[in-house]
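Below are the chains, spelled out letter by letter.
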There are 2 protein chains.
Amino acid sequence: MKMSELLQRSGVPLATVKYYLREGLLAPGESTGATTAIYGEEHVRRLALIRALTEVVGLPLASVRTILGLIDEPEPDRFRTLGRAIEVLPPAVEADPGADYPRARAALAEIGQLYDPGYAAVAQLERGLAAAESVGMPMGTERLHGYARHVMAIAEIDLAQLPGDDTSRAVEYSVLGTAVYEPILAAMRRLAHQDLAHRMLGPAAGERD
Amino acid sequence: MKMSELLQRSGVPLATVKYYLREGLLAPGESTGATTAIYGEEHVRRLALIRALTEVVGLPLASVRTILGLIDEPEPDRFRTLGRAIEVLPPAVEADPGADYPRARAALAEIGQLYDPGYAAVAQLERGLAAAESVGMPMGTERLHGYARHVMAIAEIDLAQLPGDDTSRAVEYSVLGTAVYEPILAAMRRLAHQDLAHRMLGPAAGERD
DNA sequence: CCCGATTGGATAGTTGTACTATCTAAGGTA
DNA sequence: TACCTTAGATAGTACAACTATCCAATCGGG
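Cut-offs and rules
- Residues numbered from 1 in each chain as written.
- Chains lettered and ligands numbered in written order.
- Predicted model: local features only at pLDDT ≥ 70, side-chain atom pairs only at ≥ 80, totals over all residues.
- Heavy atoms only, no water.
- Helix = DSSP H or I, 4+ residues; strand = E, 2+ residues; numbered from the N terminus.
- Buried < 20%, exposed > 50% of the residue type's maximum accessible area, 1.4 Å probe, protein only.
- Areas by Shrake-Rupley, 256 points an atom, 1.4 Å probe, with all protein chains shown as cover.
- Lys, Arg positive; Asp, Glu negative; His and termini not counted.
- Charge placed at Lys NZ, Arg CZ, Asp CG, Glu CD.
- 1 Å grid on protein atoms, 1.4 Å probe; cavity = no way out; pocket = protein on both sides within 12 Å on 5 of 7 lines; lining within 4 Å.
- Points joined across faces, edges and corners; volume = space filled by probe spheres on them.
- Nonpolar A, V, L, I, M, F, W, Y, C, P; charged D, E, K, R; others polar.
- Least-squares fit on C-alpha atoms with pLDDT ≥ 70 in both.
- Contact = heavy atoms within 4.5 Å.
- Phe/Tyr/Trp six-rings, centres within 6.5 Å; stacked < 30°, edge-to-face > 60°.
- Lys NZ or Arg CZ within 6 Å of the ring centre and 35° of its normal.
- Axes fitted to C-alpha atoms, helices over the stretch in contact; angles between N-to-C directions.
- Parallel < 35°, antiparallel > 145°, perpendicular 65-115°, else oblique.
- Left-handed = near helix turned anticlockwise from the far one by under 90°.
- Buried area = accessible area lost by both parts, 1.4 Å probe.
- Salt bridge = Lys/Arg side-chain N within 4 Å of Asp/Glu carboxyl O.
- Polar contact = N/O pair within 3.5 Å; in protein donor to acceptor, adjacent residues only side chain to side chain.
- Near = heavy atom within 4 Å.

Structural notes on the overall build of chain A
Here comes step 1: The secondary structure content of chain A amounts to 9 helices and 2 strands.
Here comes step 2: The order of helices and strands in chain A, counted from the N terminus, is α-α-β-β-α-α-α-α-α-α-α.
Here comes step 3: Principal axes of the C-alpha set define a box for chain A whose edges measure 65 × 50 × 35 Å.
Here comes step 4: In chain A, buried positions account for 53% of the 209 residues.
Here comes step 5: Carbon and sulfur atoms provide 53% of the accessible area of chain A, an area that totals close to 9600 Å².
Here comes step 6: Side chains of chain A give 21 positive and 28 negative charges; the mean places of these two sets differ by 5 Å.

Below, the structure is given as structure tokens:
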């Protein structure tokens, strides 16, 4: 397809597509002359991916670039690839293997999970727990155990669908599954709150207070 | 305490505190003369809250302002208050009561939950589902049901701790609980993935691939 | 009570991100 | 052939979140 069709299919403005091309987020089309190039489905898909990561997940373009790079050329170690991808997901915190994350360490010990200070999610957990604390809502043991049990069940659902054979696809699935399903889970939790509140407080609860 | 102590306690630079004061995010201290004012614990707490919302949750200051306003002066309807707070949480999507959200509607019907197009989380769910689809990873029915069950259990844990008597505190708890625990849940899910992958693929899995 | 440090209040400047617009020249197209 | 589209380059914009400076009025230790 030509540029005009790509614009229409993707819904992204011309100036923005050109910007993404300049920035190397989008591969150039196959040139068929000095003023034309043809684009394929992969360009439409890539644009959808960029927009999803920026608009839905809320990533800055620099992080999008990192993730696209990991999908296009994953590192040989699948764990490290996913770890690096997670590092740029919000809340972006760099993991320092030498640092100590006391809250995260205690929490993980409590629920019997691996503590690896080199993994970005550990730093993220530490930061989240510290933030909850500093705001006057520290996470209690009961809540921690409850969360852990159900989060583990959710993770099992995720892992069950991971394509086991093809590394590149598995990386894409892992990265996107982490990034794309997170907002969905968040929305579902918010809706569950509303649903529960309605049930617990009765149908007129929306009008009360 | 005086300004210098507030700076030291909060760790926020002077220029930034002044900026927050100008922007009305932080209440001025009690003036004791033309060049001095005294600040209290509530100022320290407020600064921690602002930093948590910006740095951990990743909110723009405009959204922080909305949330602070809702905590300081909640609307009489607790549901609407929480709804308005959720509207500014990422992924920020405005709910349009007149619009139709087909994917969210279908998903909620599937799991037997209330569908209210005026609630921001419905628009957020729609957007998340559409993004997953456009990226080639549509959410399947099994995954939806699995997620729903465990998310509902998590929401029950949340609701169980909600202070029932004081509306203002309940609003603060609801808003902060939604915003502050979300990153923690996200981090826990990421860690659960790692933990599961290690168990399933064996201890040497980190080195494989 | 004096002098350097601190503060409040105002204003201007900086940095970074993500575009958006314009221009030119060369094709392509009806 | 006349107009439309495109590639490629460059410049400009808009906004957010600070950051820095300046001034004048204290405040507080010696």
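So, the layout of surface pockets
Here comes step 1: Space inside the largest pocket adds up to approximately 700 Å³.
Here comes step 2: Residues of the lining of the largest pocket, tallied by class, amount to 26 nonpolar, 4 polar and 7 charged.

A short note on the relation of the copies chain A and chain B
The pair of chain copies shares a relation made of a rotation about an axis and a shift along it.
Here comes step 1: You can overlay chain A on chain B at an RMSD of 0.1 Å; the transform is a turn of 180° with a shift of 0.0 Å along its axis. Taken together, the rotation and translation relating the two chain copies correspond to the operation of a two-fold axis. Across chain A, the smallest distance between a C-alpha and the rotation axis is recorded for His150 of chain A, namely 2.7 Å.
Here comes step 2: A share of 100% of interface residues in chain A that are also interface residues in chain B marks the association as one of identical surfaces.

Considering the packing of aromatic side chains
Here comes step 1: In the structure shown here, the tally under the stated rule is 4 aromatic pairs over all chains.
Here comes step 2: Ring geometry for Tyr19 of chain A against Tyr20 of chain A: centres 6.0 Å apart, planes inclined by 45°, an arrangement best described as tilted.
Here comes step 3: On the accessibility criterion, Tyr19 of chain A (32% relative accessible area) is partly exposed.
Here comes step 4: What makes Tyr20 of chain A buried here is its relative accessible area of 5%.
Here comes step 5: The ring of Tyr181 of chain B carries the charged tip of Arg143 of chain A above its face, separated from the ring centre by 4.0 Å.

Topic: the packing of helix H4 (residues 61-72) of chain A against helix H5 (residues 78-88) of chain A
In helix packing, the relevant descriptors are the interaxial angle and the interaxial distance, both defined with respect to the helix axes.
All names here are of chain A.
Here comes step 1: Where H4 contacts H5, the two axes come as close as 9 Å, and the packing angle between them is 165°. Considering their axes alone, H4 and H5 lie roughly antiparallel with respect to each other. Judged by the twist between their axes, the crossing of H4 over H5 is left-handed. Residues Ser63, Thr66, Ile67 and Leu70 of H4 form the contact with H5, whose own contacting residues are Thr81, Arg84, Ala85 and Val88.
Here comes step 2: Tallied by class, residues from the contact of H4 with H5 come to 4 nonpolar, 3 polar and 1 charged.

Regarding the interface of chain A and chain B
Here comes step 1: With 84 residues of chain A at the interface, the matching set in chain B holds 84 residues.
Here comes step 2: Carbon and sulfur atoms supply 67% of the area that chain A and chain B bury against each other, a total of about 8000 Å² over both sides.
Here comes step 3: It is Phe79, Arg189 and Arg190 of chain A that lose the most area in chain A upon contact with chain B, and together they represent 11% of the buried surface on that side.
Here comes step 4: Our count for the chain A to chain B interface comes out at 8 salt bridges.
Here comes step 5: Among the ionic pairs, Arg189 of chain A bridges to Glu182 of chain B, the shortest N-O distance being 4.0 Å.
Here comes step 6: Where chain A meets chain B, there are 30 residue pairs in polar contact (both at pLDDT 80 or more).
Here comes step 7: Among the secondary structure elements, those contributing two or more residues to the side of chain A that touches chain B are helix H3 (41-56), H5, helix H7 (120-134), helix H8 (141-160) and helix H9 (167-201) of chain A.
Here comes step 8: No other element matches the 27 residues that H9 of chain A contributes to the side of chain A that touches chain B.

With respect to the protein's contact with DNA strand C
Here comes step 1: The full set close to DNA strand C counts 22 residues, and Arg22, Pro60 and Leu61 of chain A together with Lys18 and Tyr39 of chain B are the nearest of them.
Here comes step 2: The sugar-phosphate backbone supplies 64% of the atoms of DNA strand C found within 4 Å of the protein.
Here comes step 3: A distance of 3.0 Å is found between a phosphate oxygen of DNA strand C and a side-chain nitrogen or oxygen belonging to Ser4 of chain B.
Here comes step 4: Here a sugar or linking oxygen of DNA strand C sits 3.3 Å away from a polar atom, N or O, in the main chain of Thr35 of chain B.
Here comes step 5: Among the secondary structure elements, those contributing two or more residues to the surface near DNA strand C are helix H2 (14-23) of chain A together with helix H1 (3-10) and helix H2 (14-23) of chain B.
Here comes step 6: Per element, the largest residue contribution to the surface near DNA strand C is 5 residues, and it comes from H2 of chain A.
Here comes step 7: Taken together, the residues that form the surface near DNA strand C break down as 10 nonpolar, 7 polar and 5 charged.

Topic: the protein's contact with DNA strand D
Here comes step 1: The local shell around DNA strand D holds 22 residues, among which Lys18 and Tyr39 of chain A together with Thr35, Pro60 and Leu61 of chain B are the closest.
Here comes step 2: Here, DNA strand D places atoms within 4 Å of the protein, and 63% of those atoms are sugar or phosphate.
Here comes step 3: Residue Arg22 of chain B places a side-chain N or O atom 3.0 Å away from a base oxygen belonging to DNA strand D.
Here comes step 4: Contacts to DNA strand D include Thr32 of chain B, whose backbone N or O atom sits 3.5 Å from a phosphate oxygen.
Here comes step 5: Mapped by element, the contributors of at least two residues to the surface near DNA strand D are helix H1 (3-10) and H2 of chain A together with H2 of chain B.
Here comes step 6: The element best represented in the surface near DNA strand D is H2 of chain B, accounting for 5 residues.

A short note on the pattern of salt bridges
Here comes step 1: Across all of its chains, the model carries 26 salt bridges over all chains by this definition.
Here comes step 2: Arg9 of chain A is the partner of Glu41 of chain A in a salt bridge, and the nearest nitrogen-oxygen pair spans 2.8 Å. Of this pair, Glu41 of chain A sits in helix H3 while Arg9 of chain A sits in helix H1; the two residues are 32 residues apart in sequence, bridging distant segments of the chain.
Here comes step 3: Classification of Arg9 of chain A by relative accessible area gives partly exposed; the value is 39%.
Here comes step 4: Within the structure, one salt-bridge network assembled from shared partners comprises Arg143, Arg189 and Arg190 of chain A together with Asp158 and Glu182 of chain B.

Function-wise, these values are silent; they only describe arrangement.
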